[in-house]
Amino acid sequence: MGPTLVLSLPALSWHVGAMVRFTRVGLRYPDPTRGGAGERETLRDLSFTLPQGSFTWLTGPSGAGKTSLLRLMQLAMRPTRGEVEVLGAPLSRAKRSDLPKLRRRIGAVFQEFRLLPYLTAFDNVALPLRLAGRAEASLRPDVAEMLRWVGLEDRADALPQQLSGGEQQRVAIARAVVTRPALLVADEPTGNLDAVQARRLLLLLAEMNRLGATVVVATHSQELIAQHPGHVMRLEGGRMVALDPWPYAPVEELLAAEAAPLAPAGAIDLESPEPEAGWVEEVPEDETSGEASDEILSDAVSASVDEAPAPLSPDFTPDLGIPAEELAPPPPPRPRRSIWPSARPEAGGGHG
Ligand SMILES: Nc1ncnc2c1ncn2[C@@H]1O[C@H](COP(=O)(O)OP(=O)(O)OP(=O)(O)O)[C@@H](O)[C@H]1O
């Protein structure tokens, strides 16, 4: 037998491109009682790169800054200092008008589910596809497929208020992934789920990753982390204290970042009213009213669906120790257009 070439997947991933790059990022929330000046930095001096196609667990104690970090990755707010680059676009140079387009390629699941209360589960999941202009006939099977994946096929007609917290969370997850985002960020996505549903969700995230999405999941659950290989980034007090198993930013890059001048807080060149440091442009808590919410939601959750995708792999059977009877079988292959890509986009060389 000839010599075997062993490639480090993280190294390979690095060469195919960065999905997320933070360079000396700091975040300080404005304190309205102090004229907008923040009391303390929530995130401090974060520098790392997440390669395309990687799967990263984000962990750390409550208040460490995990949600804040995910919101920066989702482009829901800008940092107080440093540079955030997502999907190849440096936020400091992005125009405000560019942000919705970028955000459409990012799927996000946060602890507040932000479902539209007047839409059924089906319509909540279908919304980003409709906003992206998908024809009704083609989107219906995809939405049904997603609802099956999250185990809610028989609750498609229920309104959010008729669903349990865990069911609402699963609708939010289905909505985040139905658009096949290039980057998927999830904040405690199993927080309201029982063990079986949590494992099903993990299968879904793993499948998304296998199909090319870069996935970042914040969780307190070491049990969840142990169930799926991924890189582990640990935050404490807004600082990164552990990067396992490989350094996210090459040394040369960190050194270059040290030498480069930092963008001062507030210097980001966005069109129209300059936001305050920690500016947040996101879906409001109260989404009880119509069109305006839809418009905002379109930025928050919709994604372009301009490629002809293939179905979830029918032979997808990751071994997570789940009894077969606990899992509904993955949907059978169908000779139709579906939401899933046939190959990893842009040669994503992930791992996981
Ligand atoms: N909008 C905000 N305004 C002011 N301070 C905030 C805001 N959001 C978060 N913080 C503060 O920033 C710090 C980090 O919060 P964050 O939610 O990012 O942490 P976390 O690690 O996700 O916590 P948890 O695990 O409890 O969800 C906390 O001290 C929190 O109080």
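Note: the structure precedes this text.
Model, not experiment: these values are computed from the prediction.

## Looking at the site of the ligand
- Taken together, 13 residues sit near the ligand, with Ser62, Gly63, Lys66, Thr67 and Ser68 positioned nearest.
- Contact between the ligand and Ala64: an oxygen atom at 3.1 Å from a main-chain N or O atom of the residue.
- For the ligand, an oxygen atom lies 2.7 Å from a polar atom in the side chain of Thr67.
- For the ligand, whose unbound accessible area comes to 640 Å², protein coverage reaches 61%.
- Within the shell around the ligand, the residues separate by chemical class into 3 nonpolar, 8 polar and 2 charged.

## Quick look at the pairing of strand S3 (residues 55-59)
- Across the 5 residues that make up S3, a large majority, 5, are buried.
- Burial of S3 is two-sided: the residues Phe55, Trp57 and Thr59 facing one way and the residues Thr56 and Leu58 facing the other way are all buried.
- Here S3 runs beside strand S9 (residues 231-236); their pairing, made up of 4 bridges, is parallel. The residue bridging Thr59 from the neighbouring strand is Arg234, located in S9.

## Brief notes about the packing of helix H4 (residues 121-131) against helix H5 (residues 136-149)
- As a packed pair, H4 and H5 sit with axes 9 Å apart at the nearest point and diverge in direction by 130°. Classified by the angle their axes make, H4 and H5 are oblique. Relative to H5, the crossing made by H4 is right-handed. From H4, Phe122, Val125, Ala126, Leu129 and Arg130 reach across to H5, where they touch Glu136, Leu139, Arg140, Asp142, Val143, Ala144, Met146 and Leu147.
- Classifying every residue of the contact of H4 with H5 gives 9 nonpolar, no polar and 4 charged.

## A short note on the nonpolar core
- Ranked by internal contacts, the top residues of the largest apolar core, which has 43 residues, are Trp57, Val125, Val143 and Met146.
- The dominant element in this core, judged by the number of residues it contributes, is helix H7 (residues 195-210), at 7 residues.
- If near-sequence neighbours (up to four positions away) are discounted, Trp57 is found in contact with Leu202, Val217, Thr219, Leu224, Ile225, His228, Pro229, Gly230, His231, Val232 and Met233.

## Regarding the packing of aromatic side chains
- Under the definition given, this model contains 2 aromatic pairs.
- Seen from their ring centres, Phe22 and Phe48 are 4.7 Å apart, and the 25° between their planes marks the pair as stacked. Taken together, the positions of Phe22 in strand S1 (residues 18-27) and Phe48 in strand S2 (residues 43-51) put the pair 26 residues apart, joining distant regions of the chain.
- You can call Phe48 buried: its relative accessible area is 0%.
- The cationic tip of Arg71 hangs over the ring face of Phe110; the distance from NZ or CZ to the ring centre is 3.9 Å.

## Digging into helix H2 (residues 66-73)
- Among the 8 residues in H2, 7 count as buried, and that is most of the element.
- Within H2, burial applies to Lys66, Ser68, Leu69, Leu70, Arg71, Leu72 and Met73.

Conventions adopted
- Residues numbered from 1 in each chain as written.
- Predicted model: local features only at pLDDT ≥ 70, side-chain atom pairs only at ≥ 80, totals over all residues.
- Heavy atoms only, no water.
- Near = heavy atom within 4 Å.
- Polar contact = N/O pair within 3.5 Å; in protein donor to acceptor, adjacent residues only side chain to side chain.
- Areas by Shrake-Rupley, 256 points an atom, 1.4 Å probe, with all protein chains shown as cover.
- Nonpolar A, V, L, I, M, F, W, Y, C, P; charged D, E, K, R; others polar.
- Buried < 20%, exposed > 50% of the residue type's maximum accessible area, 1.4 Å probe, protein only.
- Helix = DSSP H or I, 4+ residues; strand = E, 2+ residues; numbered from the N terminus.
- Pairing = 2+ DSSP bridges.
- Axes fitted to C-alpha atoms, helices over the stretch in contact; angles between N-to-C directions.
- Parallel < 35°, antiparallel > 145°, perpendicular 65-115°, else oblique.
- Left-handed = near helix turned anticlockwise from the far one by under 90°.
- Contact = heavy atoms within 4.5 Å.
- Core = buried A, V, L, I, M, F, W, Y, C linked by side-chain atoms within 4.5 Å.
- Phe/Tyr/Trp six-rings, centres within 6.5 Å; stacked < 30°, edge-to-face > 60°.
- Lys NZ or Arg CZ within 6 Å of the ring centre and 35° of its normal.

Worth remembering: the numbers are spatial, not functional.
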